[in-house]
Amino acid sequence: MFKIGIGPSSSHTLGPWKAALQFLDSLEQGNNLKKVHSIKVLLYGSLAKTGVGHGTAVAIQLGLCGEDPVTFDVTAIDKSIFQIKQTQQLIIAGKYPIDFNPVDDIEFLFTESLPFHPNALTFLVQLQNGESFAETYYSIGGGFVVKEGETSHGNNSVVLPFPINTAKDLLHWCMKTGMMISEIVLENESSWRPEPDTRKQAINIWRVMKECIYRGCHTQGVLPGGLNVKRRGFNLNRRLLKDTTYTDYESWLSCIKAGGNNFTYILDWVSCFALAVNEENASFGRVVTAPTNGAAGVIPAVLQYYICFCDGNSEEKIIQFLLTASEVGSIFKKGATISAAMGGCQAEIGVSSAMAAAALTEAMGGSQRQALMAAEIAMEHHLGLTCDPIGGLVQIPCIERNTMGAIKAITASQLALQSQPDFAKVSLDGVIKTMWDTALDMNSKYKETSDGGLAIHIPISLSEC
Ligand code: SF4
């Protein structure tokens, strides 16, 4: 569920980037990489409609160059893209130069969609011997990519000790073993890699999240894309700390904690953390997809809240938090969707809020039932949330919406901690099914197309990039 990548969108930036890398692998396997004469990319459906604002073309070019979204220096993006544009040449896999004009060779098919998923892209390749073929990939949300004709269910050859498709399955294993959700997840993860590696990866995920929060709180200016949205994390951070000086993340943390536990102070900080991450995301910064990029601020904001204001600053607690959150996200992915192009914003902010709510509840000492109840409450109050980003940019309403998702997660967690789940009328599986039904009924105008909602009611004039 958590992937280190680059903003602004998991389905429209990270997914297409990974699709381009998979396409290079496919060329390599067919012994065709060095024989490529030309490549043309076709973007369909939602990828075409909001691809410009989401940096889809940028991601595809960097992917075709063989760059890794986990490690690529985000400050080098503009230079690399400028170079391709200027030289009209792209070095595929970093080795083989081909002629490439991004304006002509990446085509946005605004009125065409492929039936399997709204986020589709096709690579048309011509080899030096005149032979040509095409491969189609789908960016199905959260940075996950499926090649046409292949399954989206991952590695089925691994037998998990606790197979889980639904919240009921998860609860069954928790009740049977007495284990917490995070312990069940850790056992399952150990089927893929040794436990210390899973722990190390979780801590690495948190390192990237906290660096992103810290960077976002200390970067001022205007976000790219033409909307002229001013970054707010910087000023809010400065105001809350009353210009106190500190030198690094740890001393910054101490300053925040020293400010006390006043309700509005905490509320402001949760907003500040979420704004900071999503302003980084909107600026092509390094973020953790959680479970998507548009919603990348919710989980870090709630975890940072837990660390700052609930005494959660231990590696063990952070790992526990992330493991629980990931399982809830995975259940949503299996039972509904984490793609806004399929389900609107309920699939992004709603799911991230549910993930954070369950994780916070378990971390705060809640039972397994209370954790699942918290996830249910968080999603219940995001049902029907549409996706209508202005100008196709992941800025309005996306950035502020992360603050709402974080606060709802904290409220849902607190409600669940104060409740008896046995009396709950709505189950987590029930709300996931409802979310999916709502997604199916939702008009495509509200599914990451920028054809409805705020996107058409707020006039803007964006220059072509
Ligand atoms: S409105 Fe929600 S789903 Fe749509 S791009 Fe923004 S954060 Fe993502």
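Residues numbered from 1 in each chain as written. Predicted model: local features only at pLDDT ≥ 70, side-chain atom pairs only at ≥ 80, totals over all residues. Heavy atoms only, no water.

**Student:** An account of the overall build of the protein chain is needed here, citing residue identities and associated values.
**Tutor:** A tally of regular secondary structure across the protein chain gives 19 helices and 9 strands. For 465 residues, the compact-globule estimate of 2.2 N^0.38 gives 23 Å, and the C-alpha radius of gyration of the protein chain, at 22 Å, lies within 12% of that figure. Within the protein chain, the proportion of its 465 residues that are buried is 55%. Restricting to contacts in the protein chain with at least 6 residues of sequence separation, those with at least 24 account for 75%. Carbon and sulfur atoms make up 53% of the accessible area of the protein chain, which totals about 19500 Å². Taken as two groups, the 36 positive and 45 negative side-chain charges of the protein chain have centres that lie 2 Å from each other. (Helix = DSSP H or I, 4+ residues; strand = E, 2+ residues; numbered from the N terminus. Rg over C-alpha atoms; globule rule 2.2 N^0.38 Å. Buried < 20%, exposed > 50% of the residue type's maximum accessible area, 1.4 Å probe, protein only. Contact = heavy atoms within 4.5 Å. Areas by Shrake-Rupley, 256 points an atom, 1.4 Å probe, with all protein chains shown as cover. Lys, Arg positive; Asp, Glu negative; His and termini not counted. Charge placed at Lys NZ, Arg CZ, Asp CG, Glu CD.)

**Student:** Describe the site of the ligand, naming the residues involved and giving the relevant values.
**Tutor:** Every residue near the ligand is listed here: Gly294, Ala340, Cys345, Glu348, Cys387, Asp388, Pro397, Cys398 and Arg401. In terms of residue class, the shell around the ligand is built from 5 nonpolar, 1 polar and 3 charged. (Near = heavy atom within 4 Å. Nonpolar A, V, L, I, M, F, W, Y, C, P; charged D, E, K, R; others polar.)

**Student:** Requested: an account of helix α13 (residues 315-335), with residues and values cited.
**Tutor:** Helical geometry: 3.6 residues make up each α-helical turn, so side chains three or four residues apart lie on a common side. In this model α13 runs 31 Å from its N-terminal to its C-terminal C-alpha over 21 residues, within 8% of the 30 Å that 1.5 Å per residue would give. In terms of burial, α13 is a largely internal element, 15 of the 21 residues being buried. (Expected span 1.5 Å × (residues − 1).)

**Student:** Just give me the short version of the pairing of strand β1 (residues 3-6), but keep the residues and values in it.
**Tutor:** Alternating residues of β1 divide into Lys3 and Gly5 and Ile4 and Ile6, and every residue in both groups is buried. Judged from the 4 bridges that link them, β1 and strand β9 (residues 286-289) form a sheet pairing that is antiparallel. Looking across to β9, one finds that Gly5 is bridged to Val287. (Pairing = 2+ DSSP bridges.)

**Student:** Account for the state of the cysteines, with residues named and values stated.
**Tutor:** Scanning the entire structure with this criterion turns up 0 disulfides. No disulfide involves Cys217; its sulfur sits 3.7 Å from that of Cys272, the nearest cysteine. Judged by relative accessible area, which is 0%, Cys217 ranks as buried. Sulfur of Cys308: no disulfide; nearest cysteine sulfur belongs to Cys310 and is 9.2 Å away. Since its relative accessible area comes to 7%, Cys308 is described here as buried. (Disulfide = S-S within 2.5 Å.)

**Student:** Outline the side chain of Glu279, listing residues and values.
**Tutor:** Here Glu279 shows up in helix α11 (residues 263-282). The exposure class assigned to Glu279 is buried, which follows from its relative accessible area of 1%.

**Student:** Before we move on, can you summarise a nonpolar patch on the surface with the specific residues and values?
**Tutor:** A cluster of nonpolar side chains, contributed by Ile396, Leu454 and Ile458, occupies part of the molecular surface with about 200 Å² of accessible area. Tracing the sequence through the fold places Ile458 in the segment after α19 (454-457). (Patch = residues over 30% accessible without salt bridge, like charges linked within 9 Å, V, L, I, M, F, W, Y side chains within 5 Å. Salt bridge = Lys/Arg side-chain N within 4 Å of Asp/Glu carboxyl O.)

**Student:** Explain the sheet that holds strand β5 (residues 106-109) to me, using residue names and the numbers behind them.
**Tutor:** Spatial strand order, β5-β2-β6-β7-β8: 5 strands in an open sheet with mixed pairing. In this open sheet, the two strands that pair with only one neighbour each are β5 and β8 (144-147). Across the sheet, the mean angle from the axis of one strand to that of its neighbour is 25 degrees, orientation sign disregarded. Examined bridge by bridge, strand β6 (residues 120-127) and strand β7 (residues 132-141) share 7 bridges and lie antiparallel to one another. Bridging across to β7, Phe123 finds its partner in Glu135. The sheet strands contacting helix α3 (residues 56-64) are β2 (36-44), β5 and β6, and the helix crosses β2 at an angle near 150 degrees. (Axes fitted to C-alpha atoms, helices over the stretch in contact; angles between N-to-C directions.)

**Student:** Tell me what's going on with the packing of aromatic side chains, and back it up with residues and numbers.
**Tutor:** Inspection of every chain in the model, using the stated rule, returns 16 aromatic pairs. Both rings, one in Trp252 and one in Trp269, keep their centres 6.0 Å apart while their planes meet at 85 degrees; by these two values the pair is edge-to-face. Highlighted residues: Trp252 in helix α10 (residues 249-258) and Trp269 in helix α11, separated in sequence by 17 residues. Within the aromatic cluster, the residues linked to one another by ring pairs are Tyr214, Tyr249, Trp252, Tyr265, Trp269, Phe273, Tyr305 and Phe309. The residue whose ring lies beneath Lys3 is Phe144, and the NZ or CZ to ring-centre distance is 3.6 Å. (Phe/Tyr/Trp six-rings, centres within 6.5 Å; stacked < 30°, edge-to-face > 60°. Lys NZ or Arg CZ within 6 Å of the ring centre and 35° of its normal.)

**Student:** Can you tell me about the pattern of salt bridges, naming the residues and giving the values?
**Tutor:** Taken as a whole, this structure holds 12 salt bridges when the rule is applied. When the shortest N-O distance is used, the salt bridge between Lys49 and Asp451 registers 2.7 Å. Highlighted residues: Lys49 in helix α2 (residues 45-50) and Asp451 in the loop between α18 (428-441) and α19, separated in sequence by 402 residues. On the basis of relative accessible area, Asp451 is assigned to the partly exposed category, the value being 33%. As a salt-bridge pair, Lys147 and Glu135 come within 3.6 Å of each other at their nearest N and O atoms. Of this pair, Lys147 sits in strand β8 while Glu135 is found in strand β7, placing the two residues 12 residues apart along the sequence. Glu135 shares its class with Lys147; the two are buried. Ionic contacts of the salt-bridge type, sharing partners, join the residues Arg215, Arg231, Glu279 and Glu280 into one network.

**Student:** I'd like to hear about α3, residue by residue, with values.
**Tutor:** A large share of α3 lies buried, amounting to 8 of its 9 residues. Within the span of α3, buried status applies to Thr56, Ala57, Ala59, Ile60, Gln61, Leu62, Gly63 and Leu64. Note on α3: the residue one or two positions beyond its end, Gly66, has a positive phi of about 85 degrees.

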